[in-house]
Protein chains: 2
Amino acid sequence: MASVRGRRDELEGRPVTQSHITFLPDDRAAAVGASESLLDAAIAAGVPLAGVCGGRAICQRCWVVVTEGEVVAPPEARAASPGEVLACMARAVGDVTVQVPEASRIEGEEILTGLERPGELPAAEDRVALGLPRAAERFVSSPLAFALPLDLPQPTLLDPVSDLGRLERELQRGRNIRNLAVPLDVLRAAPGVLRGADWSVTAVIARSPGGYELLDLRPGTDATRAFGLAVDIGTTTVVVHLVDLGSGATLGAAAALNRQVAYGDDVISRIIRAGEPGGLEQLRQAVVGELNVLVGRLAHTHDVRGDEIVTAMIAGNTTMVHLFLGLAPGEIRRAPYVPVVTLPPVQHAEELGLRIHPRATVTAMPGVASYVGGDIVADVLAAGMDTSGELSMLIDAGTNGETVIGNRDFLICCACSAGPAFEGGGISSGMRAARGAIQRVEVTEDGAFAFATIGGTPPRGICGSGLVDLLAAMLRAGWMDRSARLRADAPLVRTGPSGPEIVVVPAAATAIGRDIIVTNADLENLLRSKAAVYAGAALLARRLGVEMTDLERVYVAGGFGTYLDIGNAIQIGLLPDVPVERITFIGNGSVIGAKMALLSYEALRQAGDVAARMTYRELSADEAFMDEYVSAMFLPHTDCGRFPRACAALGVA
Amino acid sequence: MASVRGRRDELEGRPVTQSHITFLPDDRAAAVGASESLLDAAIAAGVPLAGVCGGRAICQRCWVVVTEGEVVAPPEARAASPGEVLACMARAVGDVTVQVPEASRIEGEEILTGLERPGELPAAEDRVALGLPRAAERFVSSPLAFALPLDLPQPTLLDPVSDLGRLERELQRGRNIRNLAVPLDVLRAAPGVLRGADWSVTAVIARSPGGYELLDLRPGTDATRAFGLAVDIGTTTVVVHLVDLGSGATLGAAAALNRQVAYGDDVISRIIRAGEPGGLEQLRQAVVGELNVLVGRLAHTHDVRGDEIVTAMIAGNTTMVHLFLGLAPGEIRRAPYVPVVTLPPVQHAEELGLRIHPRATVTAMPGVASYVGGDIVADVLAAGMDTSGELSMLIDAGTNGETVIGNRDFLICCACSAGPAFEGGGISSGMRAARGAIQRVEVTEDGAFAFATIGGTPPRGICGSGLVDLLAAMLRAGWMDRSARLRADAPLVRTGPSGPEIVVVPAAATAIGRDIIVTNADLENLLRSKAAVYAGAALLARRLGVEMTDLERVYVAGGFGTYLDIGNAIQIGLLPDVPVERITFIGNGSVIGAKMALLSYEALRQAGDVAARMTYRELSADEAFMDEYVSAMFLPHTDCGRFPRACAALGVA
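What counts and how
Residues numbered from 1 in each chain as written. Chains lettered and ligands numbered in written order. Predicted model: local features only at pLDDT ≥ 70, side-chain atom pairs only at ≥ 80, totals over all residues. Heavy atoms only, no water. Disulfide = S-S within 2.5 Å. Buried < 20%, exposed > 50% of the residue type's maximum accessible area, 1.4 Å probe, protein only. Contact = heavy atoms within 4.5 Å. Buried area = accessible area lost by both parts, 1.4 Å probe. Salt bridge = Lys/Arg side-chain N within 4 Å of Asp/Glu carboxyl O. Polar contact = N/O pair within 3.5 Å; in protein donor to acceptor, adjacent residues only side chain to side chain. Helix = DSSP H or I, 4+ residues; strand = E, 2+ residues; numbered from the N terminus. Nonpolar A, V, L, I, M, F, W, Y, C, P; charged D, E, K, R; others polar. Pairing = 2+ DSSP bridges. Axes fitted to C-alpha atoms, helices over the stretch in contact; angles between N-to-C directions. Least-squares fit on C-alpha atoms with pLDDT ≥ 70 in both. Phe/Tyr/Trp six-rings, centres within 6.5 Å; stacked < 30°, edge-to-face > 60°. Parallel < 35°, antiparallel > 145°, perpendicular 65-115°, else oblique. pLDDT = per-residue confidence, 0-100.

This part is about the state of the cysteines. The term disulfide refers to a covalent linkage connecting the sulfur atoms of a pair of cysteines. Residue and element names in this part refer to chain A. All told, the structure shown has 2 disulfides over all chains when counted by the stated rule. Between Cys640 and Cys647 runs a disulfide, and the two sulfur atoms are separated by 1.9 Å. With the S-S bond torsion at -80°, the cross-link from Cys640 to Cys647 turns out left-handed. For Cys640, a relative accessible area of 10% puts it in the buried group. Given the relative accessible area of 1%, Cys647 is considered buried. You can see Cys414 has no disulfide; the closest cysteine sulfur is in Cys416, sitting 6.1 Å from it. You can call Cys414 buried: its relative accessible area is 0%.

Chain A puts 38 residues into the contact, and the matching count from chain B is 38 residues. When chain A packs against chain B, the two sides together hide about 3200 Å² of surface, and 66% of this comes from carbon and sulfur. Put simply, Glu331(B) and Arg195(A) hold a salt bridge, and the shortest N to O gap is 3.4 Å. For the pair chain A and chain B, the interface holds 12 residue pairs in polar contact (both at pLDDT 80 or more). By residue number, the principal contributor to the side of chain A that touches chain B is helix H5 (residues 184-196) of chain A, which donates 5 residues. Here the side of chain A that touches chain B is composed, by residue class, of 24 nonpolar, 7 polar and 7 charged.

What follows deals with the side chain of Ser529(B). Note on placement: Ser529(B) falls in helix H12 (residues 520-544). Filtering out sequence-adjacent residues up to four positions away, Ser529(B) remains in contact with Ala418(B), Gly419(B), Ala421(B) and Phe422(B).

Let's shift gears to the sheet that holds strand S27 (residues 583-587) of chain B. Residues and elements named next belong to chain B. Spatial strand order, S27-S26-S17-S18-S19-S28: 6 strands in an open sheet with mixed pairing. For this open sheet the edge positions go to S27 and strand S28 (614-616), each flanked by a neighbour on one side alone. Taking the axes of each pair of neighbouring strands and ignoring which way they run, one obtains an average angle of 20° across the sheet. On the sheet, H12 packs against strand S17 (392-397), strand S18 (400-406) and strand S19 (411-417) and is oriented at approximately 150° with respect to S19. Sitting on the sheet, helix H16 (residues 601-613) is in contact with S19 and S28, with an inclination near 40° to S28.

Turning next to the relation of the copies chain A and chain B. If you rotate chain A by 180° and push it 0.1 Å along the axis, it lands on chain B with an RMSD of 0.2 Å. The transformation just described matches what one would write down for a two-fold rotation axis. If distances are taken from each C-alpha of chain A to the rotation axis, the shortest is found for Gly210(A), at 2.3 Å. Of all interface residues in chain A, 100% are interface residues in chain B too; the two copies therefore contact each other through one and the same surface.

As a further point, take the packing of aromatic side chains. Residues and elements named next belong to chain B. In this structure the tally under the stated criterion is 8 aromatic pairs over all chains. Measuring from centroid to centroid gives 5.3 Å for Phe449 and Trp479, while their planes differ by 80°, and the two rings are edge-to-face. Here the residue Phe449 occupies a position in strand S21 (residues 449-453), and Trp479 occupies one in the loop between helix H11 (464-477) and strand S23 (493-496), the gap between them amounting to 30 residues. Considered together, Phe449 and Trp479 belong to a single accessibility category, that of buried residues. Relative to Phe643, the ring of Tyr534 has its centre 5.3 Å away and its plane inclined at 50°; by these criteria the two rings are tilted. Note that Tyr534 is positioned in helix H12 and Phe643 in the loop between helix H17 (624-631) and helix H18 (644-650), a separation of 109 residues in sequence. Both residues of the pair, Tyr534 and Phe643, count as buried.

Another aspect to go through is the environment of Tyr534(B). Residue and element names in this part refer to chain B. By relative accessible area, which is 1% here, Tyr534 ends up buried. It is 32 Å that separates the C-alpha atoms of Tyr534 and Leu283, two residues lying 251 residues apart in sequence. In this structure, Tyr534 is in contact with Met548, Gly573, Leu574, Pro576, Ala632, His637, Arg642 and Phe643, ignoring residues within four places of it in sequence.

All names here are of chain A. Between helix H6 (residues 267-275) and helix H7 (residues 279-301), the shortest axis-to-axis distance is 5 Å and the interhelical angle comes to 125°. In terms of orientation, H6 lies oblique with respect to H7. Contact with H6, carried on its side by Arg270, Arg273 and Ala274, involves Gly279, Leu280, Gln282 and Leu283 of H7 and no other residues of that element.

Attention now moves to the pairing of strand S13 (residues 250-257) of chain B. Residues in a regular strand point their side chains to alternate faces of the sheet. All names here are of chain B. Here S13 lies mainly inside the structure; 6 of its 8 residues are buried. With 7 bridges joining them, strand S12 (residues 237-244) and S13 adopt antiparallel strand pairing. Bridging across to S13, His241 finds its partner in Ala253. Hairpin connection between S12 and S13: a loop of 5 residues separates the two successive antiparallel strands, and Gly248 in this loop has a positive phi of roughly 85°.

All names here are of chain A. With 90% of its residues at a pLDDT of 70 or more, chain A shows a mean pLDDT of 88. Contacts from residues 117-136, a stretch scored under 50 in pLDDT, to residues over four places away or in other chains number 40 contacts. The ipTM value of the predicted complex is 0.83, and its pTM value is 0.82.

Written as structure tokens, this is what we have:
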């Protein structure tokens, strides 16, 4: 029997005990204290319950049904149907069983790891994604940590050099390794290891800006297994690649939703959450916990022991890196937008709670500013923009849209808050690029929609690339005007509760049992997102005196690009109107760049150099931004001179 | 009521509980477990109970009287008189009160700190000892840690550099400080400190071979107090100087017996003890505990907070440094005498248990080999031998006698086991240089001894410098032959239980109520010690093709030298027969050198350079050592050609 009681106040006076919350149909459970919500319990249990607003009863997405036991929740968090409550506002009284409806789940159990082989990827990129990064070409292999077999000469009366001195001498002679920091534990164990192994040992050494660190000393010269992690902490997803530091090969990849999603969809809601009591630590544990799950799974699958993973390279936007390190991100969203750190000093796994070798070094890709993080620097590195003579642009169009323009001589970047529309956020039938997402849409000659879903399953919603297709197709078909408003006379358009809407897939053909639609409000959101991304890029170009059509290369980074139809992206004015062959998808450039730095200290230095010389342009300080933005609130653009081919296709000029 | 029971076995079957042991007349107490001895309890309580052999019932020096309660001890550890047991073999059954007789106490409650002003000190040395080290002349002031006030520019939209980047930029511009390691705690606190203090802060920074480390960030620019410790860990005594890192001034000094003395007098017995279960940790805690007491006392006296002490420089012989760091010293006494480390990597106070700033860097003076440690390198630095053109010799004649010969072009060193005779060990009436020790002896014209004690109090024994005087005086008076055997017809000579002995002070004139005597066996011990020290030095000189009389400078380091009469030391052949003005006492060169390195990173580098270029000569591997040793077993020496003036004074040639 389930019951929902009045207000949380009723709990007062009761002794504080732990409740066990079981989630169905997952059949996963967690124990929580009296002050923790069902949403907290879901996070602890690893159940992907949606919580876009960060647990503040705003987004109304975490509805669950209590099927057994008792909970308290305020009236506004209770629905008409029995047992239905907002998980973020409900607290258990004793043990409780909860049913999580499909609609309240975070989609995306399948997340791109960067190891997929989408057919569209250019061959070179394919190779990169499959773990043979360009570092092998651009940079000498010099991983951030390595296991070095050493046959040390036995000490004699004529060579009585100390244990550590003997080791250091060998490292200096053979590898020019100096300034070796040695943790006390390793030093204390050294005499026993050296003699127990008859002076044949393997030194595990990490490299960092200050020099080297002896992470471990293993008996025997065949104990040379050493692995590293290339990690992309995205606002939405977390991707981990397990890399053999010796060969440079990627053993495998794993990905999951960033558990922080339960506390809010975008960086701003995370930052707000982090400012609440205990919030920062909660967010830190959420992402570290998810990473530990992924790493544990990868290690198990590939028969790697946790303590054989001796270094990790983290790429993420500035907020994600702050949360991972437990740094207060509050100032990131307050002018003048100053983060605690853009180039975090090296730390050790144990201090961060990462369950790999306790002394493993953990480095973060150097970032540029509050809204241009190490993930973008990794993108630049992965694209090779920093050493190319071509005038290039890189666009990472996620919730936070970042743009970089430059070449080997200069790099300039900006960020704009594009909003989550192209990730499916704030769109009636939007969803992330996951199984069941419509990723391709066309308008057929007989005036209907044709579509394809990820995984080929019945559709659950529309992801970013599908939305781009939809916009372009409806524009070309004349079902929508250049201001992205549906024409009342277009087929499939009807008047919904909030105005005109178009039915993309009728309920019967979906996996969710309701129509997949797009409303005028959705189209407005998409238009705003596209305008923001383009305006940022265009303003950057204008400040450089460069025409967008002059760009010799356009790189598109992020999962968004993976399934994107380039022609349609140009058609709606999201990407600049350059010949299609100049546009290159680099996939998850963040994890690729991180892997390059993981495998080459030189690449890490290069990344530092890129971050240092990349000029950040704060667009909110540039009065011309609004002009650019307003001009871009048209499809493809107000100024057809900037989109000659796209306008020609529409028969306008 | 006190009772002593049979064997320890009787304890078996009883529940393990803690006993409280009270020591009188000190009235200090400690709680110990059933497996711990009364000696362990004395150490825990800080009672200076003698335990030369390291708690193995060999030295028979830790007799105590149980006045209340019950103890168990094997028969061989029980004396005839009621309640008298060897503390090292006795274990308490329940609470016990113990009386510590004067004879079982370690002497030396007053230990030279290096801040005394003995009249004999040359002016320059006096200045050094008083905290104005030569570093001020030789080296640019650049302390190993410093507190830097920083007025940072407020962030603006045009200068939105991160908190850490802002700090780093200022440090790079102003001080060329790069490669700044930042512990996670400091990084996490930084945004709050910076904004709370309106961007006026004080950065506490340590310097180490790999670069710099941000130890702390304090609000306000006037929080610039930063202190360091120069520490000399001797086998017998521990000396700590508290130094203002800003001004270079020594605020004060404190010294105490190294509590490890209870586990054995010399490094060999400590090494043996360290090899027993739990022994290493016990020894480590003993010295760290004593340091914490001294530091606590100094900090309190000089109104310094523990967390204002941000770095420490340790000088000690190789074994002492091993025990302090918790490194197994076992190989130091096994051929080929290989220590774990001679140049220990920098560690942090918290890991070592030092109660100063938890992140304070702890550095050790670089050493050369198992028996030539960082203390000797510190001596060389303090003497300035490494930069002088003069052909110099340095002698540190403690239990382990070290000799260095060289100048700015070369440095060569050796060590010999001189034994503790010149520290009063193994001598019937020997004692350390402490209050009541006879430090000066003459034979008067009317055939009696005249003497002076440290502190002017009635004598308790004879310390090293007194023994040197005694030997020289008796030799000149003809009371003793050149083989250091008493002449039966000399005044004050009598036959004691173990052969001829001479009464230096009759019981009535002493503070201990028994005759202060020297026996033939004592003289033999002294002769062996002197011969070992000289033979080491002479062999080193011989291998260099140098005559001892050619030395342009002889430095004498260590407490032993402070009160030494140079003429007498030459007379007995302990110091080479060079003109007296060529001999310089440098006092506690160990703590002085440590302080120089503490106050100048350049001096630390120079110390590293000295350690690296100092050639260690293992004398046990040189077959000529025994020849030199046998030749030196004569006063002043078998070869009067080496001691022309000393032999002339005796009328021999």
